[in-house]
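# Chains, contacts and geometry: an overview
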Amino acid sequence: MDVTIATVKARGLMDAHVTTRGWKLKVTDNKSHYGMCSERRRTIYISKGHIELGMWVQVKDTVLHEIAHALVGCNNGHNHVWRAACRQLGCDPAPYGDAPMPQGKWKLVCLECGAVARANVHRRTRRHEGGRHSNCSKHPNQKYGGDLQYQRAIRPEETARHINTMTDGMDN
């Protein structure tokens, strides 16, 4: 979906609710959240990736989800008060949706057993690199687990591109 059109529609939804009239709407590059609500900044954030990959129905549900946070206060989290506000606004009170998001370039893999501890990682952090896979079944001392390491995640479209470049010179 076009970001400009989605922003105009989202602003219209926010203006329709008295409580969020003075609030700002910002489109972010966040790749791990569909949207966020900041009561302190009086701002609702929507992910650009969510808008570009999703349909208006999904984006609208996210905007209404964040408006519900603004209406009842962010301190209510996803409790019964917030869920009631969601139902009143006409959005799904599930805290996490199934709309598409940009795929991460990395995965965190256990060097001992090969298990993927975290898939779809957008940014490598020192916090996880060199960490331990606590569920490692092959490590001799299961109390400590195997070492974790980032590896490049290969997506299906990248695999097809890679295979094509490998076979291009084979026709001669």
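The present account deals with the structure reproduced in this document. Note that the coordinates shown come from a computational prediction; the quantities given were computed from them, not determined experimentally. (Residues numbered from 1 in each chain as written. Predicted model: local features only at pLDDT ≥ 70, side-chain atom pairs only at ≥ 80, totals over all residues. Heavy atoms only, no water.)

## Observations concerning the sheet that holds strand β6 (residues 132-133)
Picture the strands of a sheet paired through backbone hydrogen bonds; they go either parallel or antiparallel. Taken in spatial order, the four strands of this open sheet run β5-β4-β7-β6, and their pairing is antiparallel. Among the strands making up the open sheet, the edge pair consists of β5 (116-121) and β6. Both strand β4 (residues 106-110) and strand β7 (residues 146-152) contribute to a ladder of five bridges, which runs antiparallel. Paired with Leu108 across the two strands is Tyr150, which belongs to β7. (Pairing = 2+ DSSP bridges. Helix = DSSP H or I, 4+ residues; strand = E, 2+ residues; numbered from the N terminus.)

## Let's talk about the sheet that holds strand β1 (residues 24-28)
With mixed pairing, the three strands of this open sheet are ordered in space as β1-β3-β2. Bordering the open sheet on either side are β1 and β2 (35-38), each of which pairs with just one other strand. Looking at each pair of strands side by side, their axes are set apart by 20° on average, direction ignored. Of the pairings in the sheet, the one linking β2 to strand β3 (residues 43-47) comprises four bridges and is antiparallel in character. Bridge pairing in β3 links Cys37 to Ile44. Across the sheet, helix α1 (residues 3-15) is in contact with β1 and β3; its angle to β1 comes to roughly 150°. This element, helix α3 (residues 56-72), spans β2 and β3 of the sheet and lies at about 20° to β2. (Axes fitted to C-alpha atoms, helices over the stretch in contact; angles between N-to-C directions. Contact = heavy atoms within 4.5 Å.)

## A word on the layout of surface pockets
Its volume calculated, the second largest pocket comes out at about 320 Å³. Surrounding the second largest pocket, Asp29, Asn30, Lys31, Ser32, Arg118, Asn120, Val121, His122, Arg123, Thr125, Arg127 and His128 form its lining. For the lining of the second largest pocket, a count of residues per class yields one nonpolar, six polar and five charged. (1 Å grid on protein atoms, 1.4 Å probe; cavity = no way out; pocket = protein on both sides within 12 Å on 5 of 7 lines; lining within 4 Å. Points joined across faces, edges and corners; volume = space filled by probe spheres on them. Nonpolar A, V, L, I, M, F, W, Y, C, P; charged D, E, K, R; others polar.)

## Here we look at a positive patch on the surface
On the surface, a cluster of positive charge is contributed by Lys24, Lys26, Arg40 and Arg41. Here Arg41 shows up in the loop between β2 and β3. (Patch = residues over 30% accessible without salt bridge, like charges linked within 9 Å, V, L, I, M, F, W, Y side chains within 5 Å. Areas by Shrake-Rupley, 256 points an atom, 1.4 Å probe, with all protein chains shown as cover. Salt bridge = Lys/Arg side-chain N within 4 Å of Asp/Glu carboxyl O. Lys, Arg positive; Asp, Glu negative; His and termini not counted. Charge placed at Lys NZ, Arg CZ, Asp CG, Glu CD.)

## As for the environment of Ala115
Tracing the backbone through its elements, the reader meets Ala115 in the loop between β4 and β5. A residue is classified by how much of its surface remains accessible, and Ala115, at 28% relative accessible area, is partly exposed. (Buried < 20%, exposed > 50% of the residue type's maximum accessible area, 1.4 Å probe, protein only.)

## Concerning the nonpolar core
Counting 22 residues, the largest nonpolar core has Ile44, Val63 and Ile67 as its most contacted members. Those elements that provide at least two residues to this core are α1, β3, α3 and α4 (80-89). For this core, the element with the highest residue contribution is α3, accounting for seven residues. Core analysis: the next-biggest nonpolar cluster, separate from the first, contains six residues, Leu108, Cys136, Leu148 and Tyr150 among them. (Core = buried A, V, L, I, M, F, W, Y, C linked by side-chain atoms within 4.5 Å.)

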